[in-house]
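Here are the chains, one letter per residue:
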Amino acid sequence: MRGTLGSGRNSSKGKVLLLTTTMGIGGGAEEQVMQLALELDRRGWRTRLVSMIPAERMPGEIGQRGIPVGDLGMTAGVPDPRALPRLVRLVREFQPDILHTHMTHANLLGRVARLFSRVPALISTLHGFKMYGVNQRFTKFRELGHRLTDPLAERTTAICEAAAQSYLESHSAPAAKLMALPNGLDTSLYRPDSEARLRLRQELGLTGFTWLAVGRFEKPKNYPLMLRAFVGLAQPDATLVLCGAGSLEPSIRRQIQELGLEAQVRLLGIREDIPAVMNAADAFVLSSDTEGLPMVILQASATGLPIVATDVGGNREAIQPGETGLLTPPGDQHALTAAMRQVASLSADERAAWGAAARRHTISKYDLQVVADRWEALYSELLTQH
C-alpha cells in the first residue's frame, strides 16, 4: 500500500475511513468525497482518504489540514486481488469507527474486507443513477454484487431520490437499508462574484453570451449532442466554454473542427479555479444521457447561473423548471437548442432572478453544512446501534 497514513489528531467524535474507487480533482463524486473529508475534519472527526487507484491532483487543502491520503496501488480496469489484503491491513491499523465507501467498486471491496477486519459500521454510497461504468457495461453484474453483499453493510445511500428509486427497482438494496442523502456543496466558495467575473472574462477574452459546461469527456456526458445543439443556436457572437478532460477529447476536438466551431468553442482542460470560471459564464448547460446528482449543477446554481440540462437522474430535484432553469429530454438535440435559445433570450434582470432563485434552492437543500449534519446524524445513529 502506498501513501501516507499517519495517526492523525486526537478527536472526541471518532474515526472515519473514506474509501473511493478513484480520487483527485476532476470528478463530481471525487469532489464530494474530498469535501466531506474536509468538513468532517473541521468538525473533529479523524478522517482518512484511500483510493483504489492512485490519487491525482489533490486539492491543496487536504494536505494543509493534514488529512492522510493513501491508495491500494491498483490500475484502472485491471483486477488486482492484492488490493483486498492491503485494505484489510489498513483497516486493522487505523481501526475506524465508520468505513464509508464511495462508488461501486469501492463499495464491493469494502464489504468483502469487512469479512476479515472488525468495523463497527459500514456505509456504502452510490453516486450514479444506475451502476454504470464509463462505457455503461456490466451494470447487472454490479447490481448483483451489491445485492449479494448487502448483509455486510449497515446502510446504502444514494445521492438523490431518483437514484434511490432506481436501486430499489433493480433490487440492489432493500428499502429498509436504503436512503437518499444528497451531495453537499460549499456555497460560500461557489457564489456570485462580480470581480472574478470581470477578471476571468478579460483573461479568457469573453465578450458575448457565454455558455459553460464542466465534466469528463466521456460517453455518458454526450458532448456531441451539446455541440450540435450549440450549432443550432446560430448565434455567432456566443461562446461555449468546456472544462474537463477524458478519453473522448480527441473526437470532441475533431467534431468542433467539422462543425466549424473553432472560433466559438473554448476547451480549457481541467481547471482548479472552477468557482471563478462559473462566474465568467452567463448560463450553464449539461447534455448527459445519465446522471446521479451532478455536482456541477449544484455549483452552477450556487453561483447564480440559469441552467439548461437534460431531464435525467436527480437534475429535476436540483432544478426548478421555469424558475431556475430548463429541462429537456435526453438525446433531443432540437429541444436542447430551443431551451438554450430561450435562456439566452432572457433579459439580464430575468437571468439574475433565475440565478438568485437557483442559489436559494441550493443553499436550502444542498449546502455542505446541511448535508454534513445529516451525515453526522447517520454516523451517530449507526454507532449507537452497533
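Residues numbered from 1 in each chain as written. Predicted model: local features only at pLDDT ≥ 70, side-chain atom pairs only at ≥ 80, totals over all residues. Heavy atoms only, no water.

## Digging into the nonpolar core
Taken as a class, soluble globular proteins show a tendency for nonpolar side chains to be buried jointly. Membership of the largest hydrophobic core comes to 44 residues, with the highest contact counts inside it found for Leu212, Val214, Cys243, Met278, Phe284 and Ile297. Looking at this core, the element that brings in the most residues is helix α11 (residues 295–303), giving six residues. In this view, Cys243 contacts Leu212, Ala213, Val214, Gly215, Tyr223, Leu268, Gly269, Arg271, Ile274 and Val277; residues no more than four positions away in its chain are not counted. Within the second largest apolar cluster, 29 residues are counted, among which are Phe209, Leu225, Leu346 and Trp354. (Core = buried A, V, L, I, M, F, W, Y, C linked by side-chain atoms within 4.5 Å. Buried < 20%, exposed > 50% of the residue type's maximum accessible area, 1.4 Å probe, protein only. Helix = DSSP H or I, 4+ residues; strand = E, 2+ residues; numbered from the N terminus. Contact = heavy atoms within 4.5 Å.)

## A few points about the pairing of strand β2 (residues 15–20)
Here β2 lies mainly inside the structure; six of its six residues are buried. Side chains of β2 alternate between two faces, with Lys15, Leu17 and Leu19 and Val16, Leu18 and Thr20 buried alike. Bridge count between β2 and strand β3 (residues 46–51): six bridges; the pairing is parallel. By the bridge assignment, Leu18 is partnered in β3 with Leu49. The pairing of β2 with strand β5 (residues 98–102) spans five bridges and is classified as parallel. If you follow Leu18 over to β5, its bridge partner there is His100. (Pairing = 2+ DSSP bridges.)

## A few points about helix α7 (residues 194–204)
Each turn of an α-helix holds 3.6 residues, which means side chains three or four residues apart point in the same direction. Taken residue by residue, α7 has Ala196, Leu200, Arg201 and Leu204 as its buried positions. For α7, the buried positions fall inside an angular range of 120° around the axis, keeping them on one side. Exposed and facing more than 90 degrees away from the buried side of α7 are Ser194, Glu195, Leu198 and Gln202. Between a side-chain oxygen at the N-terminus of α7 and the backbone nitrogen of Glu195 the separation is 3.1 Å; the capping residue is Asp193. Positive backbone phi, at 70°, marks Gly205, one or two positions downstream of α7. (Arc of directions from axis to C-beta. Polar contact = N/O pair within 3.5 Å; in protein donor to acceptor, adjacent residues only side chain to side chain.)

## Brief notes about the confidence of the model for the protein chain
Chain-level pLDDT for the protein chain is 92 on average; 95% of the residues reach the 70-or-more range. In this model, residues 1–11 is a region of pLDDT below 50 whose contacts with residues beyond four sequence positions or in other chains number 31 contacts. (pLDDT = per-residue confidence, 0-100.)

## Here we look at the packing of helix α8 (residues 223–233) against helix α13 (residues 333–344)
Viewed as axis vectors pointing N to C, α8 and α13 meet at an angle of 55°, and their least axial separation amounts to 8 Å. Looking at the two axes, α8 sits oblique to α13. Considering the relative orientation of α8 and α13, their crossing is right-handed. Contacts between α8 and α13 pair Leu225, Met226, Arg228, Ala229, Phe230, Gly232 and Leu233 from the former with Gln333, Leu336, Thr337, Met340 and Arg341 from the latter. Considering only residue class, the contact of α8 with α13 consists of seven nonpolar, three polar and two charged. (Axes fitted to C-alpha atoms, helices over the stretch in contact; angles between N-to-C directions. Parallel < 35°, antiparallel > 145°, perpendicular 65-115°, else oblique. Left-handed = near helix turned anticlockwise from the far one by under 90°. Nonpolar A, V, L, I, M, F, W, Y, C, P; charged D, E, K, R; others polar.)

## Focus: the side chain of Thr310
Within the element layout of this structure, Thr310 appears in strand β13 (residues 307–310). The residues touching Thr310, leaving out its near neighbours within four places in the chain, are Leu286, Ser287, Ser288, Asn315, Leu327, Thr328, Pro329 and Pro330.

## Overview of the environment of His100
Examined against the element boundaries, His100 turns out to sit in strand β5. For His100 and Val308, which are 208 residues apart along the polypeptide, the C-alpha to C-alpha distance reads 33 Å. Residue contacts for His100: discarding those within four places in its chain leaves Val16, Leu17, Leu18, Leu19, Leu36, Ile123, Thr125, Trp375 and Tyr379. At a separation of 3.3 Å, a polar atom in the side chain of His100 contacts the side chain of His102. One polar contact links His100 to Thr125, side chain to side chain, over a distance of 2.8 Å.

## Focus on the sheet that holds strand β9 (residues 210–214)
Across the sheet, which stays open at both edges, the six strands sit in the order β11-β10-β9-β12-β13-β14 with parallel pairing between neighbours. With partners counted over all chains shown, the strands left at the sheet margins are β11 (265–269) and β14 (325–328), one partner each. Each strand axis lies, on average, 20° off the axis of its neighbour in the sheet, ignoring direction. Relative to β14, β13 runs parallel, the two being bridged by four bridges. Residue pairing for β14: Thr310 is matched across the bridge by Thr328. Across the sheet, α11 is in contact with β9, β12 (283–286) and β13; its angle to β12 comes to roughly 165°. Contacting β9, β12, β13 and β14, α13 runs over the sheet at an angle of about 170° to β14.

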